[in-house]
Amino acid sequence: MSQEIYTAEPEATRRSAGKAESSRASRGWWERHADEYQSDHGTFLGDDRFVWGPEGLDEADAGLLGPAESLSGLAVLEIGAGAAQCSRWLAARGARPVALDLSHRQLQHALRIGGEVPLVEADAGMLPFRDGSFDLACSAYGAVPFVADPVQVFREVHRVLRPGGRWVFSVTHPIRWAFPDEPGPEGLSVAASYFDRTPYVEQDEQGNAVYVEHHRTVGDRVRDVVAGGFRLVDLVEPEWPAWNDQEWGGWSPLRGNLIPGTAIFVCVRD
């Protein structure tokens, strides 16, 4: 796939961005930045580790998909899989994961690392699977924060899950949108309205979005989950652990000990 080259730094703004523009921006951004992302964070993520966010909460400890011993034989869809680290962890526990991502370059990193996990390049809003294909679905910071219509994604996940299946996904904690995206003390003062749902957009000189992230409040997320056909059974807000001294964008020990950085929604398809 050819990659566009931007000669100027993108302009950061807050403006509307629809489904097509958001999807196009996300695909292009990950095509350009997948190498850098895997280089910067690959050690933390590991090759076959299931981490829910920058805090380092590990599925091996959290068990949000269910006890590890219960995963054997289950068909699992990972959405926004990146280099498929989480899917490899699932496969090692006997599950049958499929790793899906919008970015061809991210999936090339999955091939580089290796393993027997099937890889699928597709949009989360149009899942290329039959109804009731999976027992579980998961997403660690994949797709959901970057789509203009999360309910469409949730309904697609609902469609491909079997009754009783879990859908667990993590996103930037909505409260973080009220604070600057800075890891130091300057990131501890409220700078914007928590209730402003205007997307964060980085755009090129022609005004084309090259990165889009959508803000939803906690209440919005809960209503989206319900509108997608799911029952919310838990909302996990990981605390920053003492062992984790890394900074990752606006995430840091300083901020993590004071305000939540990640929200994990645990949902069930009845």
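Just above sits the structure.
Residues numbered from 1 in each chain as written. Predicted model: local features only at pLDDT ≥ 70, side-chain atom pairs only at ≥ 80, totals over all residues. Heavy atoms only, no water.

### Some remarks on the sheet that holds strand 8 (residues 209-213)
Working step 1: Pairing in this open sheet of three strands is antiparallel, and the strands run 1-7-8 from one edge to the other. Since the sheet does not close on itself, it has two edges, and those belong to strand 1 (11-14) and strand 8, each with one partner. Going from strand to strand, the sheet's axes swing by 20 degrees on average, the running direction of each strand aside.
Working step 2: Looking at chain direction, strand 7 (residues 200-203) and strand 8 are connected through four bridges and run antiparallel. From the neighbouring strand, Gln 203 faces strand 8, where its bridge partner is Ala 209. (Pairing = 2+ DSSP bridges. Helix = DSSP H or I, 4+ residues; strand = E, 2+ residues; numbered from the N terminus. Axes fitted to C-alpha atoms, helices over the stretch in contact; angles between N-to-C directions.)

### A closer look at the side chain of Arg 255
Working step 1: Within the element layout of this structure, Arg 255 appears in helix 7 (residues 253-256).
Working step 2: Comment: no salt bridge for buried Arg 255; closest opposite-charge side chain is Asp 181, at 4.3 Å.
Working step 3: Among the polar contacts made by the side chain of Arg 255, one reaches the main-chain carbonyl oxygen of Gly 250 at a distance of 3.0 Å.
Working step 4: Not counting residues up to four positions away in its chain, the partners in contact with Arg 255 are Arg 176, Phe 179, Pro 180, Asp 181, Glu 182, Pro 183, Gly 184, Gly 187, Leu 188 and Gly 250. (Buried < 20%, exposed > 50% of the residue type's maximum accessible area, 1.4 Å probe, protein only. Lys, Arg positive; Asp, Glu negative; His and termini not counted. Salt bridge = Lys/Arg side-chain N within 4 Å of Asp/Glu carboxyl O. Polar contact = N/O pair within 3.5 Å; in protein donor to acceptor, adjacent residues only side chain to side chain. Contact = heavy atoms within 4.5 Å.)

### What about the pattern of salt bridges?
Working step 1: Scanning all chains against the criterion turns up 13 salt bridges.
Working step 2: When the shortest N-O distance is used, the salt bridge between Glu 121 and Arg 27 registers 3.3 Å. Linking Glu 121 in strand 4 (residues 119-121) with Arg 27 in helix 1 (residues 19-45), this pair joins segments that are 94 residues apart in sequence.
Working step 3: A salt bridge links Arg 216 to Asp 224; the shortest N-O distance between them is 2.8 Å.
Working step 4: On the basis of relative accessibility, which here comes to 5%, the residue Asp 224 falls in the buried class.

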